[in-house]
Amino acid sequence: MSADTTPTSGMVGLGNMGGRIARRIRDGGLAIVGYDVDADQAGRAGVETVPSVETLFGAADVVFFSLPDSRVIESVVFAEGGALAACRDGQIVVDLSTAAPSSTIRIQDEFATRGVRFVDAGISGGAAAAEQGALTIMAGGSEEAVEAVGPILETFASRVYHMGAPGSGHVAKLLNNFLNGISLAATAEVMVAARKAGLDLHQL
């Protein structure tokens with residue numbers, strides 16, 4: 001990635017979050033191409049699309065993943081003609097997915113052998129925050145890599161926290177989900193107790 005040019009981004013996964021984030025990058029005036037295995041998702045994203053992961057890696061300097069889980073991420077990375085085969089020295093891969101940290105560290109190590117920097121970037125805020133460009137990012141990986149993609153992250157995130165070593169961003173994301181789950185479970189119990197006590201649930 002040249003220091004005197006604006007990098008082209010690529011988004012692998014143009015679903016509920018990836019499509020919105022890709023549009024935010026586009027609307028921020030930055031070049032982006034996208035790929036999704038689902039042609040309908042790709043068509044709805046509103047950004048230029050390419051026919052394969054291999055083509056996307058050939059066109060982009062910074063590649064984002066927005067995928068369902070580690071199983072899918074690994075299939076994209078390790079498949080024949082996938083990310084690992086198509087990447088090139090100097091690229092940066094930013095994984096916005098919710099993923100298993102152990103898998104994340106393995107993938108980071110594999111990319112490093114090819115001169116590719118990897119940032120695991122857990123996101124919080126959901127679709128509404130993505131639409132508004134107000135996501136929070138918890139990033140793991142080298143501080144230099146996080147800083148290098150900072151101008152792109154600013155198009156869809158209002159806060160970026162560097163959590164530390166590779167994997168730490170995805171650890172922070174899972175812990176954040178754990179806290180959200182506890183809050184949801186506690187809220188549900190409160191509402192059951194309130195109904196039993198005869199309270200107006202809407203008022204509560």
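Report follows, based on the coordinates. Treat the numbers as computed from the prediction; the structure is a model and nothing was measured.

As a further point, take the pairing of strand β1 (residues 9-12). Neither face of β1 is open: one carries Ser9 and Met11, the other Gly10 and Val12, and all of them are buried. Alignment of β1 against strand β2 (residues 32-35), held across 4 bridges, turns out to be parallel. Considered in β2, the bridge of Gly10 is made with Val33. Crossover connection from β1 via helix α1 (residues 18-27) to parallel β2: handedness right-handed. Pairing geometry for β1 and strand β4 (residues 62-65), over 4 bridges, is parallel.

What follows deals with the pattern of salt bridges. Applying the stated criterion across every chain, the model contains 5 salt bridges. For Asp27, the salt bridge is made with Arg26, and the minimal N-O distance between the two is 2.9 Å. By relative accessible area, Asp27 is classed as exposed at 57%. According to the relative accessible area criterion, Arg26 is partly exposed, its value standing at 33%.

By the burial criterion, the buried members of α1 are Gly18, Gly19, Ile21, Ala22 and Ile25. The buried residues of α1 occupy one face: seen down the axis, they fall within an arc of 165 degrees. A positive backbone phi angle near 85 degrees is found at Gly29, which sits one or two residues after α1.

A separate point is the environment of Gly90. Here Gly90 lies in the loop between α5 (83-86) and β5 (92-95). When the C-alpha atoms of Gly90 and Gly13 are compared, they prove to be 22 Å apart, with 77 residues separating the residues in sequence.

Three or more residues of helix α4 (residues 70-78) are buried, namely Ser70, Val72, Ile73, Val76 and Val77. Buried residues in α4, looked at end-on, bunch into an arc of 160 degrees, giving them a common side. Residues of α4 that are buried sit in contact with β1, α3 (53-59), β4, α5, β5 and α6 (101-112). Capping of α4 at its N-terminal end is provided by Asp69; its side-chain oxygen lies 3.2 Å from the backbone amide nitrogen of Arg71.

So, on to the packing of aromatic side chains. Under the counting rule described, the total for this entry stands at 2 aromatic pairs. Ring geometry for Phe64 versus Phe156: centroids 5.9 Å apart, planes at 80 degrees, classification edge-to-face. Of the two residues, Phe64 sits in strand β4 while Phe156 sits in the loop between α9 (150-153) and β8 (157-164), which places them 92 residues apart along the sequence. A residue is classified by how much of its surface remains accessible, and Phe156, at 0% relative accessible area, is buried. Seen in terms of ring centroids, Phe111 and Phe118 are 5.8 Å apart; in terms of plane orientation they differ by 15 degrees. Their pairing is stacked. Phe118 shares its class with Phe111; the two are buried.

Reading guide: rules and limits
- Residues numbered from 1 in each chain as written.
- Predicted model: local features only at pLDDT ≥ 70, side-chain atom pairs only at ≥ 80, totals over all residues.
- Heavy atoms only, no water.
- Buried < 20%, exposed > 50% of the residue type's maximum accessible area, 1.4 Å probe, protein only.
- Helix = DSSP H or I, 4+ residues; strand = E, 2+ residues; numbered from the N terminus.
- Pairing = 2+ DSSP bridges.
- Right-handed = clockwise from strand over helix to strand, strands pointing away.
- Salt bridge = Lys/Arg side-chain N within 4 Å of Asp/Glu carboxyl O.
- Arc of directions from axis to C-beta.
- Contact = heavy atoms within 4.5 Å.
- Polar contact = N/O pair within 3.5 Å; in protein donor to acceptor, adjacent residues only side chain to side chain.
- Phe/Tyr/Trp six-rings, centres within 6.5 Å; stacked < 30°, edge-to-face > 60°.

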